[in-house]
Amino acid sequence: MRIARFSIDGNVAFGAVEDAGAGGPGGLVLDIIKGIPFADFELSGTKVPLDKVRLLPPVLPNKIVAFGRNYAEHAAELGHEAPDEPFAFFKPSTSVIGSGDAIVYPSFSRELHYEAELAVVIGRMCREVPRERVKDVILGYTCANDVTARDVQRREKQWARAKGFDTACPLGPWVETDLDPGDLAIQCTVNGEQRQLGRTSQMIHSIEELIVNISEAMTLLPGDVILTGTPAGVGPLNVGDEVAVTVQGIGTLTNKVIKRG
């Protein structure tokens, strides 16, 4: 099931994304969910066309735990060795935007980069998750862009500003709950030109390892997001660029870069 979060007529709701079907108007529709996707819920049967709503970030995470250098070629292109253990950092909830929202070029940077990633959405409160139970705590998967002020990242020891500024974490367009993440294609395009193309099977540390690692230290809450690292090919974004992250089996997350007003 694909679960989207959206607004219509000033109201915010979750809905299951469905094909309209041969008898429908074409395109995709949202069947509005009764309740929230982190608990038992029902589909209402009330359907609205996807093009009549505004898609929001699919979740509002309490925290985003991101893992760096989880693809060997990406670590190498930045001059780093691949870590023996998962290497985590945080992006704040205020950095999250949805598909179609603008990435605002930060005033303190001159070198903004895209990083296409598979994101894991946690579905239940959990801590010290054993490897064999990891699937039980996952709601689903979505596309992410770990937007990075690369020049700031290089000169500051902590990455809080480089990766945590407002609009630095696009997520979307929705959460796919029925997906095997073991070998998915991840693609990034800028203005329609391919910049990144990798597969999740190239991860150094698997999703199971990442969740075991971070849940040893902290409680994960429903809606928390785990960023699993980016393949090689990261590069610059400029004002006016349209950047799109596509993950096989999920969909495409699209954002435009604008100048801060």
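Analysis parameters
Residues numbered from 1 in each chain as written. Predicted model: local features only at pLDDT ≥ 70, side-chain atom pairs only at ≥ 80, totals over all residues. Heavy atoms only, no water. Salt bridge = Lys/Arg side-chain N within 4 Å of Asp/Glu carboxyl O. Helix = DSSP H or I, 4+ residues; strand = E, 2+ residues; numbered from the N terminus. Buried < 20%, exposed > 50% of the residue type's maximum accessible area, 1.4 Å probe, protein only. Pairing = 2+ DSSP bridges.

A look at the pattern of salt bridges
Throughout the structure, instances matching the rule amount to 13 salt bridges. Of the charged contacts in the structure, one is a salt bridge between Lys-163 and Glu-115, with a shortest N-O distance of 3.5 Å. Of this pair, Lys-163 sits in helix α3 (residues 160–164) while Glu-115 sits in the loop between β10 (112–114) and β11 (116–122), placing them 48 residues apart in sequence. In terms of burial, Lys-163 and Glu-115 fall into one category: buried. With a shortest N-O distance of 3.8 Å, Arg-195 and Glu-193 are connected by a salt bridge. The class of Arg-195 is partly exposed, set by a relative accessible area of 30%. In this structure, a network of salt bridges that share partners links the residues Lys-91, Glu-115, Asp-146, Arg-150 and Lys-163.

A few points about unusual backbone geometry
Looking along the chain, the bond that leaves Gly-172 and enters Pro-173 is cis, with omega of 5 degrees. For Pro-173, the location among the structural elements is in strand β14 (residues 169–176). For Thr-167, which is not glycine, the phi torsion reads 80 degrees and is therefore positive. Tracing the sequence through the fold places Thr-167 in the loop between α3 and β14. Judged by relative accessible area, which is 11%, Thr-167 ranks as buried. Here the phi dihedral of Asn-191 falls at roughly 55 degrees; this positive angle occurs in a residue that is not glycine. Mapped onto the elements, Asn-191 comes out in the loop between β15 (185–190) and β16 (193–199). Classification of Asn-191 as partly exposed rests on a relative accessible area of 49%.

Remarks on the sheet that holds strand β13 (residues 148–149)
The sheet built from 3 strands is open, its strands ordered β13-β10-β18 with antiparallel pairing. The sheet is open, and its two edges are formed by β13 and β18 (235–237), each paired on a single side. Of the pairings in the sheet, the one linking β10 to β18 comprises 3 bridges and is antiparallel in character. Looking across to β18, one finds that Tyr-114 is bridged to Gly-235.

So far we have only geometry, and geometry alone does not tell us how the molecule works.
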